[in-house]
Amino acid sequence: MPASPYLDQLNQDGFVVIKSIVDKDKLDALREASTKAADLARGGGWPHVRTVGKQFPPWDASQAREHGIWGVQHLMKPDLPGHELFTELYFSDAVIGIVRQLLQCEDDQLIMELFNMLVRPDKDFELRWHRDDIPAEAMPQEEMERLGKHAYHAQYNFALWEDDSLIVVPGSHRRARTDVERDADPFAKSLPGQLIVKLQPGDIVFYNNNILHRGVYSSSKERMTLHGSV
């Protein structure tokens, strides 16, 4: 495939922001469907949720009423109202066209991985610093062995409202952690060189899932961000 400036930036920084990938009508429709899905999940009518206080699966939906939720899972499941819109976006050329550039592949080489929605929690909630595919206990040589392999995932956040929840350390997808990063508190408020990824409604950020990153979710600010991977 031809060279892609998106891929160049992803390789350099570990993430790339692409502005306004859908028109206003599509954005409004997705906002409406997402609001209904979030309300349904908060009210206990959708069991596939991420509960506040737990970063990784599995999540127990019975904890949702007590602790609140920070995510809605299985957006394309046919019994979720609005699933058609979510499915259409996931497979749209607006998204898949970028995926093809980042993975340098054709449609018949793509595999559906995940698609969910990250939402405003009922109380402030933060994720620890992490790499998705590399455990925190990994030694530098282990980190470099995994980071040296081909990227198999095109992972993204698509913002329906303004979103500044994703914090990354640019370039960290190409190297082992520094001593400062390795010794830092997992919930450290800042690391040297960190950057807050700021998205406007309709913007999408693709990021290397092994960049050093975390999420900070405010209960006082509306958030609905579609989180997917191919």
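Overview of the structure.

Conventions we followed
Residues numbered from 1 in each chain as written. Predicted model: local features only at pLDDT ≥ 70, side-chain atom pairs only at ≥ 80, totals over all residues. Heavy atoms only, no water. Phe/Tyr/Trp six-rings, centres within 6.5 Å; stacked < 30°, edge-to-face > 60°. Helix = DSSP H or I, 4+ residues; strand = E, 2+ residues; numbered from the N terminus. Buried < 20%, exposed > 50% of the residue type's maximum accessible area, 1.4 Å probe, protein only. Axes fitted to C-alpha atoms, helices over the stretch in contact; angles between N-to-C directions. Parallel < 35°, antiparallel > 145°, perpendicular 65-115°, else oblique. Left-handed = near helix turned anticlockwise from the far one by under 90°. Contact = heavy atoms within 4.5 Å. Nonpolar A, V, L, I, M, F, W, Y, C, P; charged D, E, K, R; others polar. Pairing = 2+ DSSP bridges. Arc of directions from axis to C-beta. Polar contact = N/O pair within 3.5 Å; in protein donor to acceptor, adjacent residues only side chain to side chain.

What to know about the packing of aromatic side chains
Phase 1: Enumeration over the complete set of coordinates arrives at 8 aromatic pairs.
Phase 2: Considering the side-chain rings of W70 and Y217, the 5.4 Å spacing of their centres and the 20 degrees angle between planes classify their relative orientation as stacked. Here W70 is found in strand β3 (residues 69–72), whereas its partner Y217 is found in strand β10 (residues 213–217), with 147 residues between them in sequence.
Phase 3: Judged by relative accessible area, Y217 falls into the buried class, the value being 7%.

Details of the packing of helix α2 (residues 24–42) against helix α4 (residues 83–90)
Phase 1: Remark: α2 packs on α4, axes separated minimally by 9 Å, with the N-to-C direction vectors making an angle of 130 degrees. Relative to α4, α2 is oriented oblique. For the crossing formed where α2 meets α4, the hand is left-handed. Along its contact with α2, which presents K26, A29, L30, A33 and S34, the element α4 presents L85, F86, E88 and L89.
Phase 2: Its residues assigned to classes, the contact of α2 with α4 shows 6 nonpolar, 1 polar and 2 charged.

Structural notes on the sheet that holds strand β2 (residues 49–51)
Phase 1: Pairing is antiparallel across the open sheet formed by 7 strands, whose spatial order is β1-β9-β6-β11-β4-β3-β2. Lying at the two open borders of the sheet, with one neighbouring strand each, are β1 (15–18) and β2. Each neighbouring strand pair of the sheet contributes to a mean axis angle of 20 degrees, computed without reference to strand direction.
Phase 2: Bridge analysis of β1 against strand β9 (residues 204–207) gives 4 bridges, and the strand direction is antiparallel.

What to know about helix α1 (residues 5–13)
Phase 1: Among all positions of α1, only L7, L10 and D13 are buried. Buried residues in α1, looked at end-on, bunch into an arc of 155 degrees, giving them a common side. Residues of α1 that are exposed and point more than 90 degrees away from the buried face comprise P5 and Q12.
Phase 2: Looking at the packing, one finds that the buried side of α1 touches β1, α5 (93–103) and β9.
Phase 3: In this structure S4 caps α1, since a side-chain oxygen of it lies 3.1 Å from the backbone nitrogen of Y6.
Phase 4: Residue G14 follows α1 closely and has a positive phi angle near 90 degrees.

In short, shape yes, function no, at least from these values alone.
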